[in-house]
Each structure stands twice: as C-alpha cells, then as structure tokens.
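Letter by letter, the chains look like this.
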Amino acid sequence: MNSPYRFAGGAAIASGVIGIIAFVSLIGFLVLRGEASQNGVVPIRVHDICVILQFLFLIPVVIALYNLIQELSENPC
C-alpha cells in the first residue's frame with residue numbers, strides 16, 4: 001500500500017543526506033584552502049552541486065505539505 005506522501009518522505013530523507021554531504025564538503029573547503037587558489041576548488045564545487053540537489057529534492061516535500069494542509073483545511077476533525 002503506497003501512501004501518496006511516500007515519495008515526499010523519501011525525497012526529504014535524500015535532501016537531508018545531501019545536506020550533510022554539502023556541509024562536510026564546505027568544511028573540507030575551509031580546511032584545504034590555502035595560499036594557492038586551486039586547493040579548494042573540488043570541495044566547493046561539490047558543495048554547490050549538493051545544495052542545488054538538496055533544494056530540488058525539497059520541491060516534492062513542499063508540494064506534499066501543501067496538499068496535506070489543503071486536505072486538513074477541507075475536512076477539519
């Protein structure tokens with residue numbers, strides 16, 4: 001039995017995991033940066049890509065929350 005919110009839940013979990021990866025890559029950038037400007041290029045690019053993916057994964061969560069609020073406002077307990 002698939003709930004209509006199951007995909008949104010999975011997307012929320014994926015967004016959280018990607019957020020953790022983005023945070024770790026940002027810390028990696030701060031540790032690796034130095035005098036040479038090339039030292040931290042890879043971690044900051046990974047961070048940028050992860051942040052974009054994180055927000056894309058949050059779109060189904062926002063839609064599911066909107067639908068849930070609409071259902072609850074039409075049928076109050």
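See the structure shown above.
Numbering of residues starts from 1 in each chain and follows the order in which that chain's sequence is written. In keeping with the predicted nature of the model, local features appear solely for residues at pLDDT of at least 70, side-chain atom pairs appear and are counted solely at 80 or more, and the whole-chain, interface and lining totals rest on all residues. As a convention, hydrogens and water are excluded, and side-chain values are obtained from all of the structure's heavy atoms.

Chemist: Help me get a handle on the overall build of the protein chain, residues and values and all.
Modeler: Only runs of H or I of at least four residues qualify as helices and only runs of E of at least two qualify as strands under DSSP, and these elements are numbered from the N terminus. Looking only at helices and strands, the protein chain features two helices and zero strands. Buried positions account for 17% of the 77 residues belonging to the protein chain. Throughout, a contact is declared for two residues whenever any of their heavy atoms are within 4.5 Å. A separation threshold of at least 6 residues defines the contact pool for the protein chain, and within that pool the share at least 24 residues apart is 68%. Accessibility here uses a 1.4 Å probe with only protein chains present; expressed as a share of the type maximum, an area under 20% marks a residue as buried, one over 50% as exposed, and anything in between as partly exposed.

Chemist: Got a sec to walk through the packing of helix 1 (residues 6-32) against helix 2 (residues 41-74)? Specific residues and values, please.
Modeler: Helix axes use the C-alpha atoms of the stretch in contact, all axes being lines fitted to C-alpha atoms, and the angles between their N-to-C directions lie in the range 0 to 180 degrees. One way to put it is that helix 1 packs onto helix 2 with a least axis distance of 8 Å and a crossing angle of 160°. Taken together, the axes of helix 1 and helix 2 lie roughly antiparallel to each other. In this structure, helix 1 meets helix 2 at a crossing whose hand is left-handed. An angle counts as roughly parallel when it lies under 35 degrees, as roughly antiparallel when it exceeds 145, as roughly perpendicular when it falls between 65 and 115, and as oblique in every other case. Helix crossings get a hand from a simple test, with the near helix turned counterclockwise from the far one by less than a right angle marking a left-handed crossing and a clockwise turn marking a right-handed one.

Chemist: Talk me through the pattern of salt bridges; I want residue IDs and the actual numbers.
Modeler: Note on definitions: salt bridges are taken to be side-chain nitrogens of Lys or Arg within 4 Å of carboxyl oxygens of Asp or Glu. Tallied over the entire structure, the rule returns one salt bridge. One salt bridge in this structure joins Arg-45 and Asp-48, with 3.4 Å as the shortest N-O distance. Of this pair, Arg-45 and Asp-48 both sit in helix 2, separated by three residues, roughly a single helical turn. Exposure remark for Asp-48: the relative accessible area of 32% places this residue in the partly exposed category.

Chemist: Tell me about helix 2, and name the residues and values.
Modeler: Expected helix span is taken as 1.5 Å per residue step, with the number of steps being one fewer than the number of residues. For helix 2, spanning 34 residues, the distance from its first C-alpha to its last is 50 Å, which sits close to the expected 50 Å at 1.5 Å a residue. Considering bend angle alone, the principal kink of helix 2 is centred on Ile-59 and spans about 25°; proline Pro-60 follows within four residues of it. Looking at helix 2, one finds that the buried residues are Pro-43, His-47, Cys-50, Val-61 and Ala-64. Tucked inside the fold, the buried residues of helix 2 contact helix 1. To get the bend at a given residue, fit one axis to the seven residues ending there, fit another to the seven starting there, and take the angle between those axes.

Chemist: Got a sec to walk through helix 1? Specific residues and values, please.
Modeler: Between its first and last C-alpha, helix 1 extends 39 Å over 27 residues, near the 39 Å set by a 1.5 Å rise per residue. Those residues of helix 1 hidden inside the fold are in contact with helix 2.

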